[in-house]
Amino acid sequence: MVLDVRDDMSSPQDDRHAGMSIEEMGSRAAEAAALLKALSHEGRLMILCHLSSGEKSVSELEALLAARQAAVSQQLARLRSEGLVSARRDGKTIFYSIRDPKVGAIIDTIYQLYCKASC
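Residues numbered from 1 in each chain as written. Predicted model: local features only at pLDDT ≥ 70, side-chain atom pairs only at ≥ 80, totals over all residues. Heavy atoms only, no water.

Q: What's the story with the nonpolar core in this structure? I'm lost.
A: Generally speaking, soluble globular proteins have nonpolar side chains that are buried together. One finds Ile 47, Leu 48 and Leu 76 to be the most contacted residues of the largest nonpolar core, which totals 16 residues. Secondary-structure elements contributing two or more residues to this core are helix H2 (22–39), helix H3 (42–51), helix H4 (58–65), helix H5 (69–81) and helix H6 (101–115). For Ile 47, the contacting residues outside a window of four places in its chain are Leu 61, Leu 65, Val 72, Gln 75, Leu 76 and Leu 79. (Core = buried A, V, L, I, M, F, W, Y, C linked by side-chain atoms within 4.5 Å. Buried < 20%, exposed > 50% of the residue type's maximum accessible area, 1.4 Å probe, protein only. Helix = DSSP H or I, 4+ residues; strand = E, 2+ residues; numbered from the N terminus. Contact = heavy atoms within 4.5 Å.)

Q: Would you mind going over the sheet that holds strand S1 (residues 56–57) with me for this structure?
A: For sheets, the rule is that strands pair by backbone hydrogen bonds, running either parallel or antiparallel. With antiparallel pairing, the three strands of this open sheet are ordered in space as S1-S3-S2. The open sheet terminates on both sides in strands that have one partner only, identified here as S1 and strand S2 (85–90). In this sheet, strand S3 (residues 93–98) lies alongside S2 in antiparallel orientation, the contact comprising six bridges. Note on S3: the bridge partner recorded for Asp 90 is Thr 93. Sheet strands in contact with H3 are S1, S2 and S3, and its direction is about 90 degrees off that of S3. (Pairing = 2+ DSSP bridges. Axes fitted to C-alpha atoms, helices over the stretch in contact; angles between N-to-C directions.)

Q: For this particular structure, what's the right way to read H3?
A: A turn of α-helix holds 3.6 residues, and therefore any two residues three or four places apart point the same way. Along H3, the residues classified as buried are Arg 44, Ile 47, Leu 48, His 50 and Leu 51. For H3, the angular spread of buried residues about the axis comes to 160 degrees, placing them on one side. (Arc of directions from axis to C-beta.)

Q: How should the side chain of Arg 44 be read in this particular structure?
A: Inspection of the secondary structure puts Arg 44 in helix H3. Here Arg 44 is buried and forms no salt bridge, its nearest opposite-charge partner Glu 82 lying at an N-O distance of 7.3 Å. Leaving out residues up to four positions away in the same chain, Arg 44 has contacts with Lys 37, Ala 38, Gln 75, Arg 78 and Leu 79. (Lys, Arg positive; Asp, Glu negative; His and termini not counted. Salt bridge = Lys/Arg side-chain N within 4 Å of Asp/Glu carboxyl O.)

Q: Explanation requested: the pattern of salt bridges in the structure shown.
A: Oppositely charged side chains can pair when the atoms bearing their charge come close. Evaluated as defined, the whole model comprises four salt bridges. Linking Glu 55 and Arg 88 is a salt bridge whose minimum nitrogen-to-oxygen distance equals 2.7 Å. Taken together, the residues span a long stretch of sequence, with Glu 55 in the loop between H3 and S1 and Arg 88 in strand S2 at a distance of 33 residues. Two residues, Arg 78 and Glu 82, come together in a salt bridge whose shortest N-O distance is 3.2 Å. Among the residues examined, Glu 82 registers a relative accessible area of 35% and is labelled partly exposed.

Q: Looking at this structure, how should I read the packing of H4 against H5?
A: A pair of packed helices is characterised by two quantities: the angle between their axes and the separation of those axes. Across the interface, H4 lies against H5 with an axial gap of 9 Å and an inter-helix angle of 115 degrees. With respect to H5, the element H4 is oriented roughly perpendicular. Judged by the sense of rotation from one axis to the other, the crossing of H4 with H5 is right-handed. Residues Val 58, Leu 61, Glu 62 and Leu 65 of H4 form the contact with H5, whose participating residues are Gln 69, Val 72, Ser 73 and Leu 76. (Parallel < 35°, antiparallel > 145°, perpendicular 65-115°, else oblique. Left-handed = near helix turned anticlockwise from the far one by under 90°.)

What follows is the structure, encoded as C-alpha cells:
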C-alpha cells in the first residue's frame, strides 16, 4: 500500500491560508520572523524560560542565570524593545514578566520539545 503524504497535508495547509491575502501572509511572516529572531539568542531564551513560571526581579534572574547584571539587563532591554516582556517597578526593584501570550506559548512548546523529555 502506497500512502501519498501530499494528499494528507494539502487540506490543513489550505485551511490555514483561506481568506488570507499574500500581503497579509507576508506581514505575518515578517512578524513571526522578528519574534523568532528575538528568541534566537540563548540568553534571551533562558530569561523567557525563567519568566514563564512567573514574574522575576532582575536580581532573581541574575542568580538563576549565573550572569552579571549588565548582561541580564542588556537582554531584558532587547526583550522590552521587542514588546515581549513588561517591567514593573516596586521601590528600587524592577520585576519582569512575559507580556506577549505568543511568547508564553512558544516557550511552553520549547519546554515540551527540549526540556521535559530530558528531565
